[in-house]
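In case you want the letters, here they are:
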Amino acid sequence: MSEVSEGSSVHSDTEPREGTVVSIPPQESFIENQPQQPYDEDDHSGEIREYNGVFEGPEKTLEVCFRKIPGYETVPAVADDEGSLSDGSSSDDQMKGIRRVGLRTLPRADLDRICQRARCTILSQVSNRYLDAYVLSESSLFVYPYMIVLKTCGTTTLLRCVATLIELGRRIGLEIDWLGYNRKNFNFPGDQMFPHGSFHQEMDYLYSHRGLCERLNGNGYTLGPVTSDHWFVFVADKTCRYSTDNDTDRVLNIMMFDIDQDVAQKFYYDKYQAKIHADETEDEAVKRISMEQTKSAGIDALVPGACIDPRAFEPCGYSMNAVLFHSYSTMHITPEEGSSYASFETNQKLSNYTPLISNVVRAFRPKRFVMTLMADEGGLVQMGSNPLFTGSASSAKIAVPTKPSSGTVKGAASAASVAGSVSGYTAGSGSASNPLATYKRSNLASIKVEDDVCCMMGNWVLDETNEPELSDAKAVEEQRPRGLSVASYLHN
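Analysis parameters
- Residues numbered from 1 in each chain as written.
- Predicted model: local features only at pLDDT ≥ 70, side-chain atom pairs only at ≥ 80, totals over all residues.
- Heavy atoms only, no water.
- Pairing = 2+ DSSP bridges.
- Helix = DSSP H or I, 4+ residues; strand = E, 2+ residues; numbered from the N terminus.
- Axes fitted to C-alpha atoms, helices over the stretch in contact; angles between N-to-C directions.
- Buried < 20%, exposed > 50% of the residue type's maximum accessible area, 1.4 Å probe, protein only.
- Contact = heavy atoms within 4.5 Å.
- Lys, Arg positive; Asp, Glu negative; His and termini not counted.
- Salt bridge = Lys/Arg side-chain N within 4 Å of Asp/Glu carboxyl O.
- Polar contact = N/O pair within 3.5 Å; in protein donor to acceptor, adjacent residues only side chain to side chain.
- Patch = residues over 30% accessible without salt bridge, like charges linked within 9 Å, V, L, I, M, F, W, Y side chains within 5 Å.
- Areas by Shrake-Rupley, 256 points an atom, 1.4 Å probe, with all protein chains shown as cover.
- Charge placed at Lys NZ, Arg CZ, Asp CG, Glu CD.
- Core = buried A, V, L, I, M, F, W, Y, C linked by side-chain atoms within 4.5 Å.

Trainee: So, the sheet that holds strand β6 (residues 122-127): which residues are in play, and what are the values?
Mentor: Pairing is antiparallel across the open sheet formed by eight strands, whose spatial order is β6-β7-β8-β9-β3-β10-β12-β11. In this open sheet, the two strands that pair with only one neighbour each are β6 and β11 (219-223). Averaged over all neighbouring strand pairs, the angle between strand axes comes to 15°, with direction disregarded. Pairing geometry for strand β10 (residues 174-184) and strand β12 (residues 231-236), over six bridges, is antiparallel.

Trainee: Quick rundown of the pairing of strand β20 (residues 436-449)? Include the residues and the values.
Mentor: For β20, a buried count of ten out of 14 residues is recorded, marking the element as mostly surrounded by other parts of the structure. Bridge count between β20 and strand β21 (residues 453-462): ten bridges; the pairing is antiparallel. By the bridge assignment, Val 449 is partnered in β21 with Val 453.

Trainee: Quick rundown of the sheet that holds β20? Include the residues and the values.
Mentor: In spatial order, the strands read β14-β15-β16-β17-β13-β18-β21-β20-β19; together these nine strands make up an open sheet with antiparallel pairing. Only two strands of the sheet have a single neighbouring strand rather than two, namely β14 (307-312) and β19 (398-401). On average, each strand axis in the sheet is tilted by 15° relative to the strand beside it, whichever way the strands run. Sitting on the sheet, helix α5 (residues 282-296) is in contact with β14 and β15 (318-324), with an inclination near 110° to β14.

Trainee: With reference to specific residues and values, describe the side chain of Glu 59.
Mentor: Among the structural elements, Glu 59 can be located in the loop between β2 (20-22) and β3 (60-68). For the buried Glu 59, no salt bridge exists, and the shortest N-O distance to an oppositely charged side chain is 4.2 Å, to Lys 151. Engagement of the side chain of Glu 59 in a polar contact is seen with the side chain of Ser 343, the distance being 2.7 Å. When residues no more than four places from it in sequence are discounted, the contact partners of Glu 59 are Ser 139, Lys 151, Thr 152, Cys 153, Asn 182, Arg 183, Lys 184, His 332, Tyr 341 and Ser 343.

Trainee: Help me get a handle on a negative patch on the surface, residues and values and all.
Mentor: On the surface, a cluster of negative charge is made up of Asp 270, Asp 279, Glu 282, Asp 283, Glu 284 and Glu 314. Within the secondary structure layout, Glu 282 lies in helix α5.

Trainee: I'd like a rundown of the nonpolar core, residues and numbers included.
Mentor: Counting 43 residues, the largest nonpolar core has Leu 62, Leu 141 and Leu 179 as the members making the most contacts within it. Those residues in contact with Leu 141 that lie beyond four places of it in its chain are Leu 111, Cys 115, Asp 132, Ala 133, Tyr 134, Leu 136, Ile 148, Val 149 and Leu 150. Listed in part, the 42 residues of the second largest apolar core include Met 320, Ala 363, Phe 369 and Met 456.

Trainee: Talk me through helix α2 (residues 162-171); I want residue IDs and the actual numbers.
Mentor: Most of α2 sits out of view: seven of its ten residues are buried. Taken together, the buried positions of α2 are occupied by Val 162, Ala 163, Thr 164, Leu 165, Ile 166, Leu 168 and Gly 169. Where α2 is buried, its residues touch β3, α1 (108-117), β9 (147-152), β10 and α3 (199-207).

Trainee: An account of the pattern of salt bridges is requested, with residue identities and associated values reported.
Mentor: Evaluation of the coordinates by the stated rule reveals 18 salt bridges. Between Lys 295 and Asp 300 there is a salt bridge, and its shortest N-O distance comes to 3.5 Å. What emerges from the salt-bridge pattern is a single network uniting Asp 110, Arg 113, Glu 167 and Arg 171.

Trainee: An account of α3 is needed here, citing residue identities and associated values.
Mentor: A large share of α3 lies buried, amounting to seven of its nine residues. Among the residues of α3, Phe 199, Glu 202, Met 203, Asp 204, Tyr 205, Leu 206 and Tyr 207 are the ones counted as buried.

Trainee: So what's going on with unusual backbone geometry? Which residues, and what values?
Mentor: Residue Pro 315 is bonded to the preceding Glu 314 through a cis peptide linkage, with omega at 0°. Among the secondary structure elements, Pro 315 is positioned in the loop between β14 and β15. If you check the backbone angles, Ser 139 has positive phi at about 85° while not being a glycine. Exposure remark for Ser 139: the relative accessible area of 1% places this residue in the buried category.

Pasting the structure below:
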């Protein structure tokens, strides 16, 4: 099999290769023998599986955008409880008069039903003027007026909630306008339950819903090397993904594997005092320990100014949602040795993600990580040039101190301190007491899907060889011819 150059995007009907885009046509054969309505009564999800000492950390992510159905009467806005709202910066007086519209009018019972289909439950909630964020037993749920983002990990059955979303949307006068589903390849694929046995099975299941929503006639894609970490993406339909209501024109996800064991130990529940006084309730203890883990790992410093909703799990594990105006950030951690994992995702609109990425990587010091970016064309233009996703691999290195420096909050560096640690790093810099850990980008894949969605995925690995850097001239000399890259796309 011939090698595909880093950064290339290749359309192919043959076996996937590194950087290959696999387009799956919506043939009728794909929907044979699939469960039909009523979906809520199908029994294809298998049994709830007991914890076996390892956990599938990488999340499945479903993003569904809705639009108003012409001719339907608008659902009346629902007044909110002012005391439950915060955007991390607004005063109580500014929060008065908030009214929910669209999907935010769905009652809690309907949200519970959505989560039940995915085999997870709602644990806590934080809200502001623009969105509601729910911490789940397995990851997170975000509800905007006309968009839902649902992330689930483990052996959850995320796609089984699609039919329920279609039904609930119609009840309040909304129909699906855009659907996106993505996930990294599983670490333990044999543990997954229907319909997540394989990417093809997931596509089959989505196509089986076309009787409920014809706009689900989309395509599937694979980015990255199929022999290593890669990313599956499904997008439907040929409509514009973004609108002023959704306000999420880019989503960055950092998936870190084999995190530093000293950091991982911070997320074991029994490392913290069970009760600090006799009157402390169990719920109060959970909240306290959750916040102690947040501060101990420096997670609060990754989302300055945001309203944070953390959750510690027994015997181990951690989830966190943070909201700041229109944006969310979410983090999920599985600390078990042998399958340790931490993820950080945000839809913040930043012109430069380099400081944030460096802070996140520094806080967890993984052996390797996968970074994905999904953005519309306008978002890429606003970002400008990002050395992590463009240029040669030698210019996409990330170098972070292995220990917190004085004045740094619990392992999270300031933006200024890391700005110079990405790109242009010279081997041997740092100090004997606090050496730098350098991550090399091993591959990069990018593709423009449907009308306006650009997807980028890269793998970074910890460089433990301490090889000397190539000079700029030598690096240019050794560059291979590339296919269509993000850089060339931006300059065309």
